[in-house]
Amino acid sequence: MDIELIGRSLRDNLLTPIPMCFALGIFSKLIHGGIKIPKEFYYAISIYLLMSIGIIGGHELAHEYQAHGVATIWKPALITLLLGCLTPLSAYAVLRYIGKLSIADAAGIAAHYGSTSAVTFIVANDYVGNQNVAVDAYLPTLVTILECPGIAIALIIGAVGMSMQKRSESSARSNGLEDDDEHKGKLWEALHEVLTGQSLMLMVGLLVIGFISTLVMPADKFQVFEQFFYNKNMIFRGALCIFLLEMGLVTGERLGDLLKVGPFLVAFGIIMPLIHGFVGCYLGKMAGMSLGGCAVLGAIVSSASYIAAPPAVRLTLPEANPTLSMTAALGITFPFNIAIGIPIYFWMAQMVGAPMVAKETKPPSLMVPAVSRPAADKAGEAKPAEAKH
Amino acid sequence: MDIELIGRSLRDNLLTPIPMCFALGIFSKLIHGGIKIPKEFYYAISIYLLMSIGIIGGHELAHEYQAHGVATIWKPALITLLLGCLTPLSAYAVLRYIGKLSIADAAGIAAHYGSTSAVTFIVANDYVGNQNVAVDAYLPTLVTILECPGIAIALIIGAVGMSMQKRSESSARSNGLEDDDEHKGKLWEALHEVLTGQSLMLMVGLLVIGFISTLVMPADKFQVFEQFFYNKNMIFRGALCIFLLEMGLVTGERLGDLLKVGPFLVAFGIIMPLIHGFVGCYLGKMAGMSLGGCAVLGAIVSSASYIAAPPAVRLTLPEANPTLSMTAALGITFPFNIAIGIPIYFWMAQMVGAPMVAKETKPPSLMVPAVSRPAADKAGEAKPAEAKH
Amino acid sequence: MDIELIGRSLRDNLLTPIPMCFALGIFSKLIHGGIKIPKEFYYAISIYLLMSIGIIGGHELAHEYQAHGVATIWKPALITLLLGCLTPLSAYAVLRYIGKLSIADAAGIAAHYGSTSAVTFIVANDYVGNQNVAVDAYLPTLVTILECPGIAIALIIGAVGMSMQKRSESSARSNGLEDDDEHKGKLWEALHEVLTGQSLMLMVGLLVIGFISTLVMPADKFQVFEQFFYNKNMIFRGALCIFLLEMGLVTGERLGDLLKVGPFLVAFGIIMPLIHGFVGCYLGKMAGMSLGGCAVLGAIVSSASYIAAPPAVRLTLPEANPTLSMTAALGITFPFNIAIGIPIYFWMAQMVGAPMVAKETKPPSLMVPAVSRPAADKAGEAKPAEAKH
Amino acid sequence: MQLHTLKKVTIVTEDSLKNELKRKICELGASGFTCREVQGYGSRGARSDAFASNVEFEVICPEAVAHAILTFVSHHYFEQYACIAWLSDVQVVRGARYAEPVGTTP
Amino acid sequence: MQLHTLKKVTIVTEDSLKNELKRKICELGASGFTCREVQGYGSRGARSDAFASNVEFEVICPEAVAHAILTFVSHHYFEQYACIAWLSDVQVVRGARYAEPVGTTP
Amino acid sequence: MQLHTLKKVTIVTEDSLKNELKRKICELGASGFTCREVQGYGSRGARSDAFASNVEFEVICPEAVAHAILTFVSHHYFEQYACIAWLSDVQVVRGARYAEPVGTTP
Ligand SMILES: Nc1ncnc2c1ncn2[C@@H]1O[C@H](COP(=O)(O)O)[C@@H](O)[C@H]1O
Ligand SMILES: Nc1ncnc2c1ncn2[C@@H]1O[C@H](COP(=O)(O)O)[C@@H](O)[C@H]1O
Ligand SMILES: Nc1ncnc2c1ncn2[C@@H]1O[C@H](COP(=O)(O)O)[C@@H](O)[C@H]1O
Ligand code: NA
Ligand code: NA
Ligand code: NA
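Residues numbered from 1 in each chain as written. Chains lettered and ligands numbered in written order. Predicted model: local features only at pLDDT ≥ 70, side-chain atom pairs only at ≥ 80, totals over all residues. Heavy atoms only, no water.

Undergrad: Just checking my understanding: could you explain the packing of helix 13 (residues 255–286) of chain C against helix 16 (residues 322–351) of chain C for this structure?
TA: Think of two packed helices as two axes; the pair is described by the angle between the axes and how far apart they sit. Residues and elements named next belong to chain C. Where helix 13 contacts helix 16, the axes come no closer than 8 Å and their chain directions differ by 35°. As for how helix 13 packs across helix 16, the hand of that crossing is right-handed. Contacts from Asp257, Leu258, Val261, Leu265, Val266, Gly269, Ile270, Pro273, Leu274, Gly277, Phe278 and Cys281 of helix 13 reach helix 16 at Thr323, Leu324, Thr327, Ala328, Ile332, Thr333, Phe336, Asn337, Ile344, Tyr345, Met348 and Ala349. Residues that form the contact of helix 13 with helix 16 fall into these classes: 17 nonpolar, six polar and one charged. (Axes fitted to C-alpha atoms, helices over the stretch in contact; angles between N-to-C directions. Helix = DSSP H or I, 4+ residues; strand = E, 2+ residues; numbered from the N terminus. Left-handed = near helix turned anticlockwise from the far one by under 90°. Contact = heavy atoms within 4.5 Å. Nonpolar A, V, L, I, M, F, W, Y, C, P; charged D, E, K, R; others polar.)

Structural data, given as structure tokens:
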């Protein structure tokens, strides 16, 4: 993939309505323009997008399951879980020991980078589709798997770190234990909040709904929901334009913060995703995922959450400065990924040698459903999402 | 229809996205999850749904009218009006004399059960369609006819009952008459509020709009509105998913009230609809309606209003406890109907022997429009809603 | 075009869902009905409509540009700019010297009539399409050109007029100069606000986005955005129904003001548009525009702004009574144009002899792009918007 | 700056009473009001969703009007509706405008 | 009309604290509260978009409860969260309802 | 708990003035503000739809700043815009923060 190719791919990626709407939002804020999306409209669109990722994810998963059982998906799912546990650790280590940030700030930012961004997933999915490469049908499932563990682990690191620090600082003070208990209470609350939070509940809930209905309903009855929610169709596309316009407005509003956060965080917001993205692509390939799947996995692993993580961090680690994490996640990593990260992960996926079509692996016997294991020899009919529309 | 058939029909009915979204809403509240639909989004969707019922109703009515004049519709319309007057009476009698509720509470709840629920109509319509049975095109008209009279009659019963009670209690007090006048004023206000309320105005207004435009516009010009509003199309379906998610959230929030209202009201919320539903099916058959039409009529007669009735009752009969009526209407009858009521009404319609295709009746001569009575002999070409799409 | 034809055209124009929704809104307010569109829903729809005008405008402009370079568009664009400068002057002169309004009121109203109404554009566009007459693809560009200059010029007239009046009134007072400075500051601010206001930024921003993406993206990739935003498609049509319902509600709320503003303003609100509309049609024809284009140009020139102008006028000319301008723009001219103005402009365009197909003119050499001038001889393949869908 | 000491009446109640209360406040002599949607919790439970929410009115008025409004509210709303109402002292700019009872309709 | 002089506590803070604050206010003895979304600007910058906005609570309560609430807020929110809180005097209709600390949950 | 007695300025006016007022309030020395959309009715009629609605500002500040803000509002808004403004006394927690005029921009 030489320079010219990268240039063309950038152009094809960026000069399309969705990223340009993001740019328009930023531009509007820079010139103090009057574009204003009502908060309720923004919320409505995010609800729609989350439901859409969920239900179509469940729908595709059901097809995958009908065709291959769990043969194709068990390894990628495990790998994703592993990545969800590793990325907050690596992010924390870099922020704390190289960046010298406070425990709270390091843990707070790590929570964002340990989780994922649904919009980055959608754009990556799209980009890969535009390269005429199929993606694995179960990818939305991986997004939901990736959402939580990273936040939980980073919050635990932060809470434990803070309480150890406090104890060592004032081992004489009497309220050490109380504080500890309170911290634990808050931690529990925050974990509950992530697990039952809007984004996870909508995605998982609709995933289950999509899965079950696909198995139960005749295909032509489900079709109307697919039309409404499918991410290549007009409603999804249009909603995404408006959503990214608003994201651009929010980012533009915070651009000034870029100067405040200092060069380390800017570098972190670019380099960390590249590292995480590479690991994602590599492990994805190891798990037998296809080229498209590896690239998208790289993108979602690299991306930082700016919807689920912020309120959870704000509640559990109030000492963490929200400006730092929001600026990094939304002001640096998100546009970086949208603009050039995603093509790079695609290229990485090619480099690590991901195959065009996913491999099937026999799962450990305890994972095979006793009854409904469908014929695994029909591997040839694997029907990737793209091919269908 | 044996047990197995019922089971399969239940499964086909319930394991589809729309009811499952309702269940997700309830589940989210039960585990104190974070799903939250902005109020404005919910209002926006209800406006869309009401407009949709209206305009498509008018559109179908125009087709019916062009094909049959008023021959097919005059009897069902009269029957529906009759049902709108009977159901509040039966509900009031049961609540007051069997349930021993106060006058205000009995009348308040009766107002809810005398009116109807638009969402129940949609789901019933859908269910019948899924059984590959056609429904009569004028059904949305019946929904609008059914909306009002029940509320009005129940409110009048309540107001009269309360004032008689007060007078007998304190025939000596001097302010009896004043109170009476005030009550009458309030009653008028509440009736005005129901008649000109959002739901009736949107439905009737759009019904007229749909009727006129269908007669005036070339069919291909109207088509784009049909695409947007038609209840089998993607936008309507998608909107309904989100609407029922919110309804589930509201129901879940109030589930605790189920314990408070006591077993009588729970039984009432299940048995009353079955009785009303049966009467609806039976009278529908008498009026010459088709199998599908009778089933849907049963469903809408049985259903209780939770949008138009509550504010009207709150204003005229403030002595009525809103928890009782909302819990019965939204917490018991609505989910009961969605889950098992509708298949039962369908079965009832079969039992009473409703024919697959509606009968035509010559209306009393004063109802026949002098001029534009189209050829009534083309009965064979009656083109039910389903067949068209 | 005899009386009967006008009657039929009126009927075809008015007895369609969009104008009837407007009427329903007015009716609902007249009977104090309960229809209520949440403000956020209204805002959401206007954002969508503005984006839609922009992106589809850019898309059509790109096609036009690819087929004809700037040959077809440079003259209409200049003419539109000229009209944007003339109409505020003529409106001001009539209001001030015939209507004897105060400087502030005259300038304030002139700002509204110097700008344009996006909804009138859409309805006009539609009307012309319904007559099976093609419109020029670059018309949305003209709407954006027309939006600003009129507001700016009227505000400048008002500001200068007010300060001259103040100075002559009190040449002795010392704070004359300060006031002047402050006024200039406010004027700047207001001009900035118009130029970077929501409506212009969304339209121009999306126009650029639509233009670029059409040039860069493969047509089938862009198609999904066209489906979402195209003004003949269902989402646009449906959104317009709801938007006009709300416009009807707002108009109905202000109908009482009609009595207050006096007969002069009512006459102004009908006659001024007719004059402006005629000039628009005539100059459009001079610029080589097609019949459809001239009619739509007449409609947008005649129309008065009620979205961009009001806040700008309120800030710069607070002495102007907003009731006057809103009543004229929204209560008189808008419904007049929707109901009968548009057919009249169409008839005017026929009268001035606008051709069915636009003429191409060689632009002054400095306007011809050096490189990418496509073959101008393929004029025959000009593919008007209507023909495509 | 001259300031007039007047009363501010605040009423929080069910939003279905909004239209009536708007009318009543003006009938009872206030020159205007400011209102907004609010959520709340009290003896009648939570009022924070599409089927149950509150409206809050603020009225600047002379003491007599304030008492008339509070009397109306306590007689007509307290028993049957979710409602709270209170009074506080405020210093109002150009307060003369609001110091005399008027009688308009919104 | 009999009026009780009570305290009104007003708290403006980050909306992510809304659920906790609802619970706490009732635990500390208030009989209810009224709350709404607001925008704001202060030492922690602007709070006026989807990612940062405020909630405002108003609580009518006796002085002791008011102090308990303000103490809670100052210990738990002032250091780390955008927050402002103040007290004012109000005359409440049927104030006896709000004059004694209660202990419910919303 | 130590409380500072400060002034609370409340301004209700047309929402098109929101941006200007935000800026002015801070320029005149307030350390922040809280604002929200409201509806209203007054001498200039109803302000309750998409084409006419109000914004309400609350500002906690020392008396001098309060007077500066009210003076600005009465000079610039009272004549031409729908507007009402009043002052009240409040006891503010950690009031020292708001007791001195500052001069930032939002
Ligand atoms: N102690 C309180 N402080 C502030 N607002 C209250 C209080 N109690 C009740 N409210 C408000 O008044 C409404 C009605 O209260 P209630 O009639 O007690 O249910 C509630 O929904 C709250 O908005
Ligand atoms: N001087 C003030 N007057 C009124 N509200 C204020 C003031 N300062 C801060 N606030 C509100 O309190 C919130 C938090 O303030 P802060 O913690 O200073 O950022 C702000 O977002 C405002 O809503
Ligand atoms: N007496 C009043 N009490 C409370 N708010 C008022 C009062 N009068 C006016 N307002 C508010 O101030 C705004 C402007 O009032 P006005 O300038 O009189 O039209 C109104 O829209 C209301 O929101
Ligand atoms: Na990540
Ligand atoms: Na019923
Ligand atoms: Na114009």
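Undergrad: Can you walk me through the coordination of the sodium ion (ligand 5) in this structure?
TA: Tetrahedral coordination by four donors places them ideally at 109.5 degrees to one another around the metal; octahedral coordination by six donors ideally gives 90 or 180 degrees. Residues and elements named next belong to chain B. The protein atoms donating to the sodium ion (ligand 5) are Tyr113 (O), Ser115 (O), Val301 (O) and Ser303 (O), with metal-donor distances spanning 2.4 to 2.5 Å. Of note, the donors binding the sodium ion (ligand 5) are all from one chain and are spaced Y-x1-S-x185-V-x1-S. Per residue, the accessibility class of Tyr113 equals that of Ser115, and both read buried. (Donors = N, O, S within 2.8 Å, 3.2 Å for Na, K, Ca; no water. Buried < 20%, exposed > 50% of the residue type's maximum accessible area, 1.4 Å probe, protein only.)

Undergrad: Just to check I follow, could you spell out the site of ligand 3 for this structure?
TA: Around ligand 3 sit 20 residues, and of these Thr34 and Ile60 of chain D together with Ser43, Arg44 and Asn54 of chain F come closest. Flanking ligand 3 are residues from chains D and F. A distance of 3.4 Å is found between an oxygen atom of ligand 3 and a backbone nitrogen or oxygen belonging to Phe33 of chain D. Contact distances for ligand 3 include 2.8 Å between a nitrogen atom and a backbone N or O atom of Ile60 of chain D. (Near = heavy atom within 4 Å. Polar contact = N/O pair within 3.5 Å; in protein donor to acceptor, adjacent residues only side chain to side chain.)

Undergrad: Please explain the packing of aromatic side chains as it appears in this structure.
TA: Aromatic ring pairs are defined here through the distance separating the ring centres and the angle between the ring planes. Counted under the stated rule, the structure contains 57 aromatic pairs over all chains. Summarising the aromatic geometry, the rings of Phe228 of chain B and Phe229 of chain B are spaced 4.8 Å apart at their centres and angled 90° between planes, so their arrangement reads as edge-to-face. Pair check on accessibility: Phe228 of chain B and Phe229 of chain B agree, each one buried. An aromatic cluster is defined as three or more aromatic residues linked by ring pairs; in this entry it consists of Tyr42, Tyr43 and Phe243 of chain A together with Phe51 of chain E. Lying across the ring of Phe78 of chain D, Arg94 of chain E places its NZ or CZ 3.7 Å from the centre. (Phe/Tyr/Trp six-rings, centres within 6.5 Å; stacked < 30°, edge-to-face > 60°. Lys NZ or Arg CZ within 6 Å of the ring centre and 35° of its normal.)

Undergrad: Please clarify how the packing of helix 5 (residues 103–114) of chain B against helix 15 (residues 309–316) of chain B should be interpreted in this entry.
TA: Residues and elements named next belong to chain B. Between helix 5 and helix 15, whose axes approach to 9 Å, the crossing angle comes to 155°. The pairing of helix 5 with helix 15 is recorded here as roughly antiparallel in orientation. The two elements helix 5 and helix 15 cross, and the hand of that crossing is right-handed. Residue-level contacts link Gly108, Ala111 and His112 of helix 5 to Ala309, Pro310 and Val313 of helix 15. Here the contact of helix 5 with helix 15 is composed, by residue class, of four nonpolar, two polar and no charged. (Parallel < 35°, antiparallel > 145°, perpendicular 65-115°, else oblique.)

Undergrad: Can you help me understand the relation of the copies chain A and chain C in this one?
TA: Each copy of the chain is related to the other by a rotation around an axis and a translation along that axis. Each copy superposes on the other: chain A lies on chain C with an RMSD of 0.0 Å after a rotation of 120° and an axial shift of 0.0 Å. Here the transformation between the copies is reduced to the relation of a three-fold axis. When C-alpha positions in chain A are compared against the rotation axis, the closest is assigned to Glu40 of chain A, at 3.9 Å. Here only 9% of the interface residues in chain A have copies in chain C that are interface residues too; the copies meet through unlike faces. (Least-squares fit on C-alpha atoms with pLDDT ≥ 70 in both.)

Undergrad: Looking at this model, I keep getting lost on the interface of chain A and chain B. Mind explaining?
TA: For an interface, size is often stated in terms of accessible area lost upon the parts coming together. Counting from both sides, the interface comprises 28 residues of chain A and, opposite them, 32 residues of chain B. Interface of chain A and chain B: buried area, both sides summed, is about 2,300 Å²; carbon and sulfur atoms make up 82% of it. It is Met201, Ile209 and Phe225 of chain A in chain A that bury the most area against chain B; as a group they hold 22% of the surface buried on that side. At the boundary of chain A and chain B, one finds zero salt bridges. Where chain A touches chain B, the interface holds four residue pairs in polar contact (both at pLDDT 80 or more). Considering each element in turn, the side of chain A that touches chain B owes the most residues, nine residues, to helix 10 (residues 198–216) of chain A. (Buried area = accessible area lost by both parts, 1.4 Å probe. Salt bridge = Lys/Arg side-chain N within 4 Å of Asp/Glu carboxyl O.)

Undergrad: Got a minute to help me understand the site of ligand 1 in this structure?
TA: Around ligand 1 lies a shell of 20 residues, among which Ser43, Arg44 and Asn54 of chain D together with Thr34 and Ile60 of chain E are the nearest. Residue neighbours of ligand 1 fall on chains D and E, so the site bridges chains. Backbone polar atom of Arg44 of chain D to an oxygen atom of ligand 1: 2.7 Å apart, as the coordinates give it. The separation between an oxygen atom of ligand 1 and a polar main-chain atom of Phe33 of chain E is 3.5 Å. Expressed as a share of its isolated accessible area of 480 Å², the protein-covered part of ligand 1 is 99%. Contributions of two or more residues to the shell around ligand 1 are made by strand 2 (33–42) and strand 5 (83–93) of chain D together with strand 2 (33–42), strand 4 (54–61) and helix 3 (96–99) of chain E. Here the residues of the shell around ligand 1 are counted per class, giving nine nonpolar, seven polar and four charged. (Areas by Shrake-Rupley, 256 points an atom, 1.4 Å probe, with all protein chains shown as cover.)

Treat this as a map of the structure, not an account of what it does.
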